[in-house]
Number of protein chains: 2
Amino acid sequence: MADLDPDEFRKLGHAVVDWVAAYREGLPERPVRPDVAPGWVRAQLPTALPEEPGGLAALLGDVDRAVVPATTHWQHPGFHGFFPANASLHSLLGDILSGGLGVQGMLWSTSPAATEVEQVLLDGMAAALGLDPGFTFAGGGGGVIQDSASSASLVALLAALHRSSPGWRETGVDGTERVYVTAETHSSLAKAVRVAGLGARALRVVDPLPGSLAMSPSALAAAIEADITAGLRPVLVCPTVGTTGTGAVDPVREVAEVARPHGTWVHVDAAWAGVAALCPELRWVVDGAELADSFVTDAHKWLLTAFDASLLWVRDVRALPAALSITPEYLRNTASESGEVVDYRDWQVPLGRRFRALKLWAVLHGVGLSGLREHVRGHVALAAELAGWVRAEPGFALAAPPSLALVCLRADTGDPAADDAASRAVLEHVNASGAALLTHTLVDGRYTIRVAIGSVATERAHVVDLWERLRGARALVRQP
Amino acid sequence: MADLDPDEFRKLGHAVVDWVAAYREGLPERPVRPDVAPGWVRAQLPTALPEEPGGLAALLGDVDRAVVPATTHWQHPGFHGFFPANASLHSLLGDILSGGLGVQGMLWSTSPAATEVEQVLLDGMAAALGLDPGFTFAGGGGGVIQDSASSASLVALLAALHRSSPGWRETGVDGTERVYVTAETHSSLAKAVRVAGLGARALRVVDPLPGSLAMSPSALAAAIEADITAGLRPVLVCPTVGTTGTGAVDPVREVAEVARPHGTWVHVDAAWAGVAALCPELRWVVDGAELADSFVTDAHKWLLTAFDASLLWVRDVRALPAALSITPEYLRNTASESGEVVDYRDWQVPLGRRFRALKLWAVLHGVGLSGLREHVRGHVALAAELAGWVRAEPGFALAAPPSLALVCLRADTGDPAADDAASRAVLEHVNASGAALLTHTLVDGRYTIRVAIGSVATERAHVVDLWERLRGARALVRQP
């Protein structure tokens, strides 16, 4: 047999676990962002693959030499870029179990537990988030783990296309489909529209509410009505709860009230922010979602669970299989034909699937719902504290209202024309320190520093340190 | 911090590694297929998620009680269903490292090593498989790890749509696109056609060569010419090397020679069989691929590497980004704008991505290319042996020519009308034993037992045992 025998695996597995423990332990001493030029990693590695085994020593040697120095450390306590990508060690325990089982969950029959644990988990998470019971299997809907919110949005769009035109599976799209977003909607919606063959012309960018970045329901109503008058079909609208740029929140309820009478699918993208609904005081993030057709939030951003684990719920348990199912002979089986089981391959684009539920299940056993709430609450509180410091500091301004654990700020030089350069210089100075990593966006066309709080290891001291670095950088930038 | 501290993780991580070792060790004693009814797993688990942590004991308790007894054991030595889903323990070591690093490889800058190791690996694998150097980054093409061959086929189709019509990104598909397959092509092509908005009408099922299941190049030529005459656009043809049903091989070279003059994208689906090209004597599986635009083979079927790891190469390094790239402000960065790096997010549908290369890299360090060749060769030899036994046995017949490590057989009762029922009864009898798992297909409309050899733990003794069980079942079926 080509594989390790179990005793060898015990020994090498322990060594790899120890490597991971040491890596996490040493993170605070590493710069968050590597200092390598394109091609550096390739230059460290031989061109030809190993003809003979070198064993774990060779593997770890390569990792220590070529990988770690060229890694952006997303699990570093000073990582505040993009959104967090929580990969807790609890989650890793679950993922090791999943890898050990090594099953394919494409059909119920190809591994009943992989399917049913996911169903139990998604039903349980719906309840824990306060989602409408209509999103559970018991309530006629159901949840599924997708690899990403991008894929979740794509399959929601496909289900919407099918619902809008029963001939879609046979004749495809016809050019009359329209999809409604805002300028702040995640780019994955534009990608889904492209992938689904609609072309960018199908994307309607709805105006925001005055003085806001959130979708205007009246502008949406006007756009839908104009499109219908023009013979077009309003297929899907995507309100976002917590945009990537600034954490803005579209008025989901009002958007849904506009869309539903036209049969327009309402897909709520709460990829980052949705998990906050675990905390009763933050449950407003799912307000109005009971009127939606689908809702997605990522366990792999802020919920301690490693990528890939996007939680997608749909209100109609038949919607995704109706759009996506194709059954060749070699996948036919008694259980599927009984109609008593869920075959998750029909809820996604790929056929194969890992047992991803175990990652989140391990997190739940590891910290409980109470621990998840504490994790989210702690970061929201830190963000509020940081936002307060920004407000009180003459050289800085908030670039957008703080949202949950995201703070958007910019340098305030007194001369709007100079703010962009100063903000960029501050960001670059902080990033060059290696102690923190920040990324940027544009708000109303102005350069904006995003501070996303939420890495697994981030505690108050790290945010205090970041603030001191921001202030220090600002002071340097102030002088010519 | 909500996470385990490193010392706790060392302890719990070792325990989980030990659990996996014991699970793998005990596999031969378990029935391959669980005996559970729909709903059994759900009934074992509480409806509400844990409010407080129960720790690893609670997690493993659930896994032992509710998961393992309801698992189809894909890593069992008697697993011969579908195609194998190799998840070697070597691969798991790499995946634990990937989980430990916990990085997002969406852009080069979000983790340079995750991108460049994947580039080195895919270039090296192209060389090891004997693929044309035009598929490497050095040769103007490049490789990428997709989650599945389904996703690989989808992105190949999207690139083909873009190449066929530069306006596709703006105006979408127009209903004139046509995609060429055979009746044996994997259902993921039909799914990709649906997802991409073409509808089933775009799918042309090309006739096979006489007396064969392989695509007829002259039938393809006739179909393409008829479509062009009708004002349609031949966008993509998918020759398969090793179909899922029977392992049939389309004549890639002749198919490509027909397709290329029309600008039709040639996507070679060698999901299962392609990895055999590591062995010089089996390199015929990539014959003609040098004329293709893209080529996919799965490391996660037969190459010891756990799902998800489909290896996709394209001849034009710009093809996938041209079709898939969309860049919002928050993803802009200096490295991407320099044009010196690969941003793999533009090579796939999802934005996020794990460091999947480490799994295959760990396998290569663990067994070397020499070990991979031995793994493949061993299974091919076992299949040849089994096929010989089938040929020599009066009560059985080969249902299709054996292909690499796949043997398709049926009961031969002397009465063709009785063969299907007998074959089905034999399969069900073997599966009920728990010692092996077989799945079926139809060949020329006749019920056919598939024996896919290739699980990580499968050795000669398991195939001998399977053959005895097949013969025993056949003997039982013979009698009324």
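Residues numbered from 1 in each chain as written. Chains lettered and ligands numbered in written order. Predicted model: local features only at pLDDT ≥ 70, side-chain atom pairs only at ≥ 80, totals over all residues. Heavy atoms only, no water.

A. Region of interest: the domain arrangement of chain A. All names here are of chain A. What the domain assignment lists for chain A is domain 1 (6-71), domain 2 (103-354) and domain 3 (365-478). Centre-to-centre, using C-alpha coordinates, domain 2 lies 31 Å away from domain 3. Contacts between domain 2 and domain 3 engage 20 residues on the former and 23 residues on the latter. Interface area, domain 2 with domain 3, both sides summed: about 1700 Å², of which 73% is carbon and sulfur. For the domain 2 face of the interface with domain 3, the top three residues by lost area are Thr-246, Trp-302 and Leu-304, together amounting to 37%. Arg-377 is the partner of Glu-281 in a salt bridge, and the nearest nitrogen-oxygen pair spans 2.5 Å. Where domain 2 touches domain 3, the interface holds seven residue pairs in polar contact (both at pLDDT 80 or more). Grouping the constituent residues of the side of domain 2 that touches domain 3 by class yields 14 nonpolar, five polar and one charged. (Domains from an automatic or database assignment. Contact = heavy atoms within 4.5 Å. Buried area = accessible area lost by both parts, 1.4 Å probe. Salt bridge = Lys/Arg side-chain N within 4 Å of Asp/Glu carboxyl O. Polar contact = N/O pair within 3.5 Å; in protein donor to acceptor, adjacent residues only side chain to side chain. Nonpolar A, V, L, I, M, F, W, Y, C, P; charged D, E, K, R; others polar.)

B. Seen up close, the layout of surface pockets. Roughly 880 Å³ of volume is contained in the largest pocket. Taken together, 37 residues form the lining of the largest pocket, with Arg-33 and Asn-431 of chain A together with Ser-109, Asn-333 and Thr-334 of chain B sitting closest to its centre. At the level of secondary structure, the elements contributing two or more residues to the lining of the largest pocket comprise helix H15 (416-433) and strand E10 (439-443) of chain A together with helix H13 (334-338) of chain B. Per-element tally for the lining of the largest pocket: the top contributor is H15 of chain A, with seven residues. The residue makeup of the lining of the largest pocket, split by class, is 19 nonpolar, ten polar and eight charged. (1 Å grid on protein atoms, 1.4 Å probe; cavity = no way out; pocket = protein on both sides within 12 Å on 5 of 7 lines; lining within 4 Å. Points joined across faces, edges and corners; volume = space filled by probe spheres on them. Helix = DSSP H or I, 4+ residues; strand = E, 2+ residues; numbered from the N terminus.)

C. Just the relation of the copies chain B and chain A, in detail. Rotating chain B by 180° and moving it 0.0 Å along the rotation axis overlays it on chain A with an RMSD of 0.0 Å. As the rotation angle and translation indicate, the two copies are arranged about a two-fold axis. When the interface residues of chain B are mapped onto chain A, 100% of them again lie at the interface, so the same face is used by both copies. (Least-squares fit on C-alpha atoms with pLDDT ≥ 70 in both.)

D. Looking closely at the side chain of Arg-356 of chain A. On the secondary structure map, Arg-356 of chain A appears in the loop between helix H13 (334-338) and helix H14 (357-392). Reaching out from Arg-356 of chain A, the side chain makes a polar contact with the backbone oxygen of Ile-145 of chain A at a distance of 2.8 Å.

E. Layout of H15 of chain A. Residues and elements named next belong to chain A. If you check H15, its first and last C-alpha atoms are 26 Å apart, about what 18 residues at 1.5 Å a residue would give, namely 26 Å. Turning to H15, its buried residues number three or more, namely Asp-419, Ala-422, Ser-423, Val-426, Leu-427, Val-430 and Asn-431. Across the axial projection of H15, the buried residues extend over an arc of 165°, all falling on one side. Exposed residues lying more than 90 degrees from the buried face of H15 are Ala-417, Ala-421 and Ala-432. Elements that come into contact with the buried residues of H15 comprise strand E8 (396-398), strand E9 (406-411), E10, strand E11 (446-452) and helix H16 (460-478). (Expected span 1.5 Å × (residues − 1). Buried < 20%, exposed > 50% of the residue type's maximum accessible area, 1.4 Å probe, protein only. Arc of directions from axis to C-beta.)

F. Structural context of helix H8 (residues 187-195) of chain A. Within H8 of chain A, eight of the nine residues are buried, which leaves the element mostly enclosed by the surrounding structure. One or two residues past the end of H8 of chain A sits Gly-197 of chain A, with phi positive at roughly 85°.

G. Spotlight on the pairing of E9 of chain A. Residue and element names in this part refer to chain A. For E9, a buried count of six out of six residues is recorded, marking the element as mostly surrounded by other parts of the structure. Covered by surrounding structure in E9 are Leu-406, Cys-408 and Arg-410 together with Val-407, Leu-409 and Ala-411, the residues of both alternating faces. Of the strand pairs in this sheet, E8 and E9 are connected by three bridges, and their pairing is antiparallel. Looking at E9, one finds that Phe-396 is bridged to Ala-411. (Pairing = 2+ DSSP bridges.)

H. Layout of the state of the cysteines. Under the definition given, this model contains zero disulfides over all chains. Free cysteine: Cys-408 of chain B, not disulfide-bonded; nearest cysteine sulfur from Cys-238 of chain B at 19 Å. (Disulfide = S-S within 2.5 Å.)

I. The arrangement of the sheet that holds strand E1 (residues 142-146) of chain A in detail. Residues and elements named next belong to chain A. Strand order across the open sheet formed by seven strands is E1-E7-E6-E5-E4-E2-E3, with mixed pairing between neighbours. Strand pairing shows two members of the sheet lacking a second neighbour, E1 and strand E3 (203-205), which therefore form its edges. Across this sheet, the average inter-strand angle for adjacent strands is 25°, counted without regard to direction. (Axes fitted to C-alpha atoms, helices over the stretch in contact; angles between N-to-C directions.)

J. Highlighting the pattern of salt bridges. Scanning the entire structure with this criterion turns up 56 salt bridges over all chains. Residue Lys-359 of chain B is joined to Asp-308 of chain B by a salt bridge in which the shortest nitrogen-to-oxygen separation is 3.1 Å. With a gap of 51 residues between them, Lys-359 of chain B in helix H14 (residues 357-392) and Asp-308 of chain B in the loop between helix H11 (299-302) and strand E7 (310-314) connect regions that are remote in the sequence. According to the relative accessible area criterion, Lys-359 of chain B is buried, its value standing at 0%. Judged by its relative accessible area of 4%, Asp-308 of chain B falls in the buried class. The structure contains a network of salt bridges with shared partners spanning Asp-95 and Arg-354 of chain A together with Asp-95 and Arg-354 of chain B.

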